[in-house]
Amino acid sequence: MHVEIAQHLPASALHEEAVELLRVLSRFRWRLGFERTLRFGLRGAIASGLTLIGVSVISWAVGVQNAWWPAALPLLAALALGLARWPSHAQAALAADRRLALEERLGTAVELARRRPGGRFDALQVRDAVARARSTPGGWLTLDRHFRREAWLAAGVVVLAAASLLLARLPAPQPSFVDETGEAAADAAPSVDLTQRELPPGAEDIPLASAQPVPQAKADAGLAARVQQEQSERTALDNLSQALGSVSAGQPAANAIQQGDFGSARSELQNLGDEADQLSDAAKQQLGKALQDAAAASAQADRQLADKERQAAQSLSRATYGEQRQALRGLGDQVQRSGSRSVSADQLARDIGQLQQQSAAQGAGARSQASGAGQQGTTGTGSQAAQQQGPAGGQGSGAAGQQGGPGVGTGTDPNMLGDQPSRLDTAGQSVQVPTKLNGGPGVRPPDGTEDQVGADPAVGGRNVSELVQAQQTGQVAPEQNLVPGEQRYVVRGYFR
Amino acid sequence: MTQTSVSADGRAAAAQDIERLRRTVEALEREVARVIVGQELVIRGVTIALIAGGHVLLEGLPGLGKTLLVRTIARALHLQYSRIQFTPDLMPADILGTNLLLETSHGGRAFQFQPGPIFANLVLADEINRATPKTQSALLEAMQEQAVTIGTVGHPLPLPFFVLATQNPIELEGTYPLPEAELDRFFFKLNVGFPTRAELTAIVDRTTGPRSDPPAAVADGANVMELQELAREIPIATHVADYAVRLVLASHPELPEAAETARRNVRFGASPRAAQTMILASKIHAVLAGRVNVAFDDVRRVALPALRHRLILSYEAEAKGTTPDRVVAELLSAVPEQG
């Protein structure tokens, strides 16, 4: 083959040397061509891997079957380009000169072999170039740093691409919409543990507009998720409040959070930070541990708040006063931000009620009728959570006829129109009224503010389950009137 | 005789020529080294210039052996040597010669050309920058054409013809900078540096002890001419020659190929003679390095003496203290080997 190639060269005294030169150059050509193709192949593999990852992700997200063939195109194109750019003899000579430090011997020799007429030293030069090229040791491949870097990159991309193939086995992400059957809302509703939720101050007095009968045809699909999110945010703040309440110095801030006054909470936390050097080591440790626990509990609900809590906890455990002050101030700022982001208590209660109505309407309609408890549409409950417990909620009420005490009962709202049962319709039914659990007649607050609930932080600081438990066990302070204000005259009417 | 044997004979003859050139240069350098201590790069530069048929401008402080070097080379090459001490009152006729009105044997009178000291194989133009530009310019024709014209008659100079000029870089009083046209005619400009401690010790020992034998002649004018022709036949690849060309183009600030350093520091770039010089000198350097072809490294090694006197720096660059050597070094860094 080399002789055939050499025959294309001009017939000269260089013929013999040219054959030898081409033989040497062919070796370099194969080496350089293979390297070049390999390099193109690496780049093609990178491109193909990235394409495959993109195709896999899109297919998984859209939920269609993968179409793998586009991923192979870059690799095939790169290999084709590498083969198309197979080096010539001159290119191989130049590359060999450069890599093997042949001092331009081969490049000059190739040029001399093609030149006519030959010079005085041409044959000598070509022979020198061939001899030097043959005596130069060299690896078959030149794996320089750039080449190795590309190889590593290609390997990483290929691994990622292979991993992306596993995406097809994962369930595709569900779209955010639901169909008209309202399955999403029905599925999500049971996951809301309302008994574990704490009602914000004033929530018990909210007129439950959501108590209106809700058509079951269409449920608000995002309501369950929204309620869950709102509850999570509130839970995070509650956890922080409990953590802060673990030390006396943090009590004001805890109270402010419970009252929903996040501006004050921020100020209190800043004050706590300013006075961090006044805290005892034991208090710092206690507060730090409580904050750490709160951060762990709130990590999913409010990540930013959890981070700030964790920073504050860490600073309390080992940092200087300046860092403690800074961390607590940061926590205060975050409390204000998280608080401003969270919905109002009214809205939360409204959403919960609405969600509850939906679940009741969809899943428990028949059961409600069978129990005959008259739960539907009642607004005389102490809380919606208690209402959810159904007839059992009424069992905790104490002696009837006592006003002002907490309790759970059923009743009617005269303001309700339509087919709601009237006040007289409740005759003959078991009506449970708030009781004065501590015994004795109820005492109307002297300032006439018995309808204003939530003024006492102690009320707001207890969650629903605690309240329900307290009602059932009669351990509720008399001033904690849990009957919604605008409903109390209904209750009172039974005793006049 | 077969084609193979002819080819083999040609290769053997070429190899012998190369070997002869190499041996001659080595012998010349060895003889010069018997007299001159150190200055290997200067000696190598002068040798390359002589084989290339070029003139050399030696720049250095007084007492560094510039004149001794030229005289030693003249003796080692068995060349006709003349020395011209350039002074401000030196006239062109003092160099080139003049027509004298002489009485003929027949009693008549006729002009007869009396050749000046430039009619020699090796001319030492000592302190060339002390002569006026008019006198300096008298060398222009001689250096380029190897001939002088007196009146209307041209007189060829003996071949080989070399001008080795010296100049003192620190004395400015009473000196005249060489015109650019004359500077460009010098093949190399070599800086003669101060010797090291060991070299200075050797110089002292050698010059204050018993006189040593004068250098032996290793070649003559004919041999030198033959070596000049031989050196021109050393092959150079196109891409290597292109590197030298691109170096020259990069020194021209007005050209698109100009390097950044040329745009900042150079007023006028190197002439085409610079490219010719680099390629020719590279060929000889390649042979002396044991190759039959020119490499990029050869071009780089001869670029400094070939370019430094051909770059005219801008006023700003001179004010900043930028030297041509630095600009050449930056050019070598800026211009890639593979264009």
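Thresholds applied
- Residues numbered from 1 in each chain as written.
- Chains lettered and ligands numbered in written order.
- Predicted model: local features only at pLDDT ≥ 70, side-chain atom pairs only at ≥ 80, totals over all residues.
- Heavy atoms only, no water.
- Pairing = 2+ DSSP bridges.
- Helix = DSSP H or I, 4+ residues; strand = E, 2+ residues; numbered from the N terminus.
- Buried < 20%, exposed > 50% of the residue type's maximum accessible area, 1.4 Å probe, protein only.
- pLDDT = per-residue confidence, 0-100.
- Contact = heavy atoms within 4.5 Å.
- Buried area = accessible area lost by both parts, 1.4 Å probe.
- Salt bridge = Lys/Arg side-chain N within 4 Å of Asp/Glu carboxyl O.
- Polar contact = N/O pair within 3.5 Å; in protein donor to acceptor, adjacent residues only side chain to side chain.

A separate point is the pairing of strand β6 (residues 147-150) of chain B. Residue and element names in this part refer to chain B. In this structure, β6 lies alongside strand β7 (residues 153-156), joined through four bridges in antiparallel fashion. Opposite Ala147, over in β7, you have Pro156 as the bridge partner. The antiparallel pairing of β6 with β7 creates a hairpin that spans two residues between the two strands, and Gly151 there sits at a positive phi of about 65 degrees.

With that out of the way, let us pick up unusual backbone geometry. Keep in mind that most residues, glycine aside, have a negative phi and that most peptide bonds are trans. Across the junction of Leu159 of chain B and Pro160 of chain B, the peptide omega takes the value -5 degrees, indicating a cis bond. Following the sequence through the fold, Pro160 of chain B ends up in the loop between β7 and β8 (162-167). The phi dihedral of Glu104 of chain A falls on the positive side, at around 60 degrees, and the residue is not glycine. For Glu104 of chain A, a relative accessible area of 10% translates into the label buried. Even without being a glycine, Gln39 of chain B presents a positive backbone phi close to 55 degrees.

Turning to the confidence of the model for chain B, a few remarks are in order. Residue and element names in this part refer to chain B. Of the residues in chain B, 97% reach a pLDDT of 70 or more, and the chain-wide mean stands at 88. By mean pLDDT, helix α1 (residues 3-35) is the weakest element of chain B at 80, and helix α9 (residues 238-250) is the strongest at 94. Predicted complex, confidence summary: ipTM 0.79, pTM 0.57.

Moving on, we get to the pairing of strand β1 (residues 55-60) of chain B. Residue and element names in this part refer to chain B. Taking burial as the measure, the six residues of β1 include six buried ones, the bulk of the element. Burial along β1 is two-sided: the residues His55, Leu57 and Glu59 and Val56, Leu58 and Gly60 are all buried. Bridge count between β1 and strand β9 (residues 186-192): six bridges; the pairing is parallel. Bridged to Leu58 within β9 is Leu190. Looking at chain direction, β1 and β8 are connected through four bridges and run parallel. When the bridges of β8 are listed, Leu58 appears paired with Thr166.

Opposite the 22 residues of chain A that make contact, chain B presents 25 residues. Between chain A and chain B lies a buried interface of about 2000 Å² when both sides are counted; carbon and sulfur atoms form 55% of it. A per-residue breakdown of the area chain A buries against chain B is headed by Glu104, Arg120 and Phe121 of chain A, which together make up 34% of the total. For the interface between chain A and chain B, the tally reads three salt bridges. Of the charged contacts, one joins Arg120 of chain A and Glu233 of chain B as a salt bridge, the two residues approaching to 3.4 Å between their closest N and O atoms. Run the count over chain A and chain B and you get eight residue pairs in polar contact (both at pLDDT 80 or more). Listing elements by their share of the side of chain A that touches chain B, those giving two or more residues are α2 (15-62), α4 (89-100), α5 (105-114) and α6 (122-135) of chain A.

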